[in-house]
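Commentary on secondary and tertiary structure
These are the residues of each chain, in order.
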Amino acid sequence: MTPPDAGPSPLELFAWLSPAFPVGAFAYSHGLESAVDAGLVHDAATLEGWLGDLLGHGSARQDGVLAAEAWRLAAAPRPRHDLLGDLSDLALALAPGRERRLETGGTGRAFAEAIRASWPGAACPGLPAEGDVAYPVAFGAAAGTAGLALVPSLEALALAFVGNLVSAAVRLGPIGQTDGQRVTAALLPRARALGGWAAGSTLDDLGGCALRSDIAALQHETLYSRLFRS
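Residues numbered from 1 in each chain as written. Predicted model: local features only at pLDDT ≥ 70, side-chain atom pairs only at ≥ 80, totals over all residues. Heavy atoms only, no water.

For the chain, an unreviewed UniProt entry supplies the name Urease accessory protein UreF and the organism Lichenibacterium ramalinae. For the chain, the Sequence similarities (unreviewed entry) comment in UniProt is given as "Belongs to the UreF family." Under Subunit (unreviewed entry), UniProt gives the following word-for-word description of the chain: "UreD, UreF and UreG form a complex that acts as a GTP-hydrolysis-dependent molecular chaperone, activating the urease apoprotein by helping to assemble the nickel containing metallocenter of UreC. The UreE protein probably delivers the nickel." (UniProt positions renumbered as here; feature names shortened; annotations may be inferred.)

In structure tokens, the structure reads:
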């Protein structure tokens, strides 16, 4: 029997935010490669601090605001699909450098294409069919279209952000897999807090001050030897 309070399964989130979902997130370090090269991130403690600042003050926080707005536009009783393109354009314009724009636009476009091809119940007609789409906008629109709850969706997005960069750090070498899991576990409460806060945010809350991360992303463009695209 189906429990009376059962809603859409959050298992979609596990699939969409899995490393197996074909968005190419493994190719991006979000400027972390530059931070490792400069010695700013060199162990588990400095990685935790770096990612924690992104959750609290930087790009992960901003992604939460954008994803929440996209969810509301797609999940409204009368969806405002016509505004999703403008929201994506705003998100792309806020990227603080070429590689950050490439990262969010490329992964967002791939996410939207994979949803349209494989998850028709989550395909949002308001997303641009061609060109780049900001990743948090594509994700939020899919979650809203599929009827997934807002807070768990935002929590999962924040934790996936952490997981992807922890994976990048392991591949770059300053930490091993066990330390990577310790960092992820330590940041889980902050990811959960970000999801809850972002659910009540508006576009007026956009903005960040994780300037060291933004500078690292810019410096990555001229890094001599690179494993990642950002």
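**A closer look at the side chain of T184**
Its place among the elements puts T184 in helix α9 (residues 177-199). Of note is the side chain of T184, whose polar atom sits 3.0 Å from the backbone oxygen of G180. (Helix = DSSP H or I, 4+ residues; strand = E, 2+ residues; numbered from the N terminus. Polar contact = N/O pair within 3.5 Å; in protein donor to acceptor, adjacent residues only side chain to side chain.)

**Digging into a nonpolar patch on the surface**
Taken together, the side chains of L90, L94 and L203 define a hydrophobic patch exposed on the protein surface, amounting to about 200 Å² of accessible area. Along the polypeptide, L94 turns up in the loop between α5 (84-93) and α6 (98-118). (Patch = residues over 30% accessible without salt bridge, like charges linked within 9 Å, V, L, I, M, F, W, Y side chains within 5 Å. Areas by Shrake-Rupley, 256 points an atom, 1.4 Å probe, with all protein chains shown as cover. Salt bridge = Lys/Arg side-chain N within 4 Å of Asp/Glu carboxyl O.)

**Observations concerning the packing of aromatic side chains**
With the rule as written, the count across this model stands at 5 aromatic pairs. Taken together, a centroid distance of 6.2 Å and an interplanar angle of 90 degrees make the contact between W16 and F111 edge-to-face. With W16 in helix α1 (residues 11-16) and F111 in helix α6, the pair connects residues that are 95 residues apart, well separated along the chain. Exposure remark for W16: the relative accessible area of 2% places this residue in the buried category. Judged by relative accessible area, F111 falls into the buried class, the value being 0%. Judged by centre distance (5.3 Å) and plane angle (50 degrees), the rings of F21 and F111 are tilted. Placement of the pair is F21 in the loop between α1 and α2 (32-37) and F111 in helix α6, with a sequence separation of 90 residues. By relative accessible area, which is 9% here, F21 ends up buried. Through pairs of rings, three or more aromatic residues link up here, namely W16, F21, F111, W119, Y135 and F139. (Phe/Tyr/Trp six-rings, centres within 6.5 Å; stacked < 30°, edge-to-face > 60°. Buried < 20%, exposed > 50% of the residue type's maximum accessible area, 1.4 Å probe, protein only.)

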